[in-house]
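A look at the structure
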Amino acid sequence: MAATVLPFQSEIIFAGLQVAGMAPVWLLVVVASIGNTLGTYVNYWLGWRLETAGGHRWLKIPDDKFARARRWWDRWGVWMLLASWLPIGDLTTVIAGAMRTPLWLFTLMVAVAKTGRYIGLALITAGLFG
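Report follows, based on the coordinates. Because the structure is predicted, anything quoted here is derived from the model rather than measured.

**Quick notes on the nonpolar core**
Membership of the largest hydrophobic core is limited to 11 residues, which are Tyr44, Phe66, Trp73, Val78, Leu81, Ala96, Met99, Leu105, Phe106, Met109 and Val110. Contributions of two or more residues to this core are made by helix 4 (63–75) and helix 6 (103–129). Looking at which element gives the most residues to this core, the answer is helix 6, with four residues. When near neighbours in sequence (up to four residues on either side) are disregarded, Ala96 contacts Tyr44, Trp73, Leu81, Thr101 and Phe106.

Encoded structure:
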């Protein structure tokens, strides 16, 4: 749920499990990263479906401007997925679906971002409670 547009904070659960020693930290990072990455597929699908239904037309974006935005996204915007770990970053995963980012590239960028997030969180938690 934490990786979707629904509000939910996985950090509290992650840190709690780490402090309680419920599992090795590396396993917490792996499971949280995979789960959070898979959760972003919901957003990707929402963006894909929105655009399939003509979302840019609903927003009154002319076809030529949307095509230009898609070219910009393909070149530069996809890098914004590295910020998908931020609270507002979930929006980038919706946009990626609307822009038809290849699923392999989407998965790679989001997995790097989410894994980095949980490694950072594990280090912070260890520093505070270790």
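Let us keep going from here.
**A short note on the packing of helix 4 against helix 5 (residues 90–98)**
It is the contact of helix 4 with helix 5, at a shortest axis distance of 11 Å, that shows an interaxial angle of 115°. Taken as a pair, helix 4 and helix 5 cross one another with a handedness that is left-handed. Here helix 4 contributes Phe66, Arg70 and Trp73 to the contact with helix 5, which in turn contributes Thr92, Ile95, Ala96 and Ala98. The residue makeup of the contact of helix 4 with helix 5, split by class, is five nonpolar, one polar and one charged.

**Regarding helix 1 (residues 10–20)**
Among all positions of helix 1, only Ser10, Phe14, Ala15 and Gln18 are buried. Buried positions in helix 1, seen along its axis, are confined to an arc of 125° and lie on one side of it. More than 90 degrees from the buried face of helix 1, the exposed residues found are Ile12 and Ala20. Immediately beyond the C-terminal end of helix 1, within one or two residues, lies Gly21, with a positive phi of roughly 70°.

**With respect to the environment of Trp26**
With respect to the helices, strands and loops of the structure, Trp26 is situated in helix 2 (residues 25–52). Owing to a relative accessible area of 59%, Trp26 belongs among the exposed residues under this scheme. Each C-alpha atom of the pair Trp26 and Val78 lies 28 Å from the other, and the pair is 52 residues apart in sequence.

**Overview of the pattern of salt bridges**
Taken as a whole and judged by the stated rule, the model has two salt bridges. Here Glu11 ties to Arg117 by a salt bridge, and the two come within 2.0 Å at their closest N and O atoms. Pair noted here: Glu11 is in helix 1 and Arg117 is in helix 6, with a separation of 106 residues, a long-range link. Since its relative accessible area comes to 14%, Arg117 is described here as buried. Where Lys114 meets Asp90, a salt bridge forms, and the shortest distance between an N and an O atom there is 3.9 Å. In this pair, Lys114 is assigned in helix 6 and Asp90 in helix 5, connecting sequence segments 24 residues apart. Asp90 shares its class with Lys114; the two are buried.

What counts, and where the lines are drawn
- Residues numbered from 1 in each chain as written.
- Predicted model: local features only at pLDDT ≥ 70, side-chain atom pairs only at ≥ 80, totals over all residues.
- Heavy atoms only, no water.
- Core = buried A, V, L, I, M, F, W, Y, C linked by side-chain atoms within 4.5 Å.
- Buried < 20%, exposed > 50% of the residue type's maximum accessible area, 1.4 Å probe, protein only.
- Helix = DSSP H or I, 4+ residues; strand = E, 2+ residues; numbered from the N terminus.
- Contact = heavy atoms within 4.5 Å.
- Axes fitted to C-alpha atoms, helices over the stretch in contact; angles between N-to-C directions.
- Left-handed = near helix turned anticlockwise from the far one by under 90°.
- Nonpolar A, V, L, I, M, F, W, Y, C, P; charged D, E, K, R; others polar.
- Arc of directions from axis to C-beta.
- Salt bridge = Lys/Arg side-chain N within 4 Å of Asp/Glu carboxyl O.

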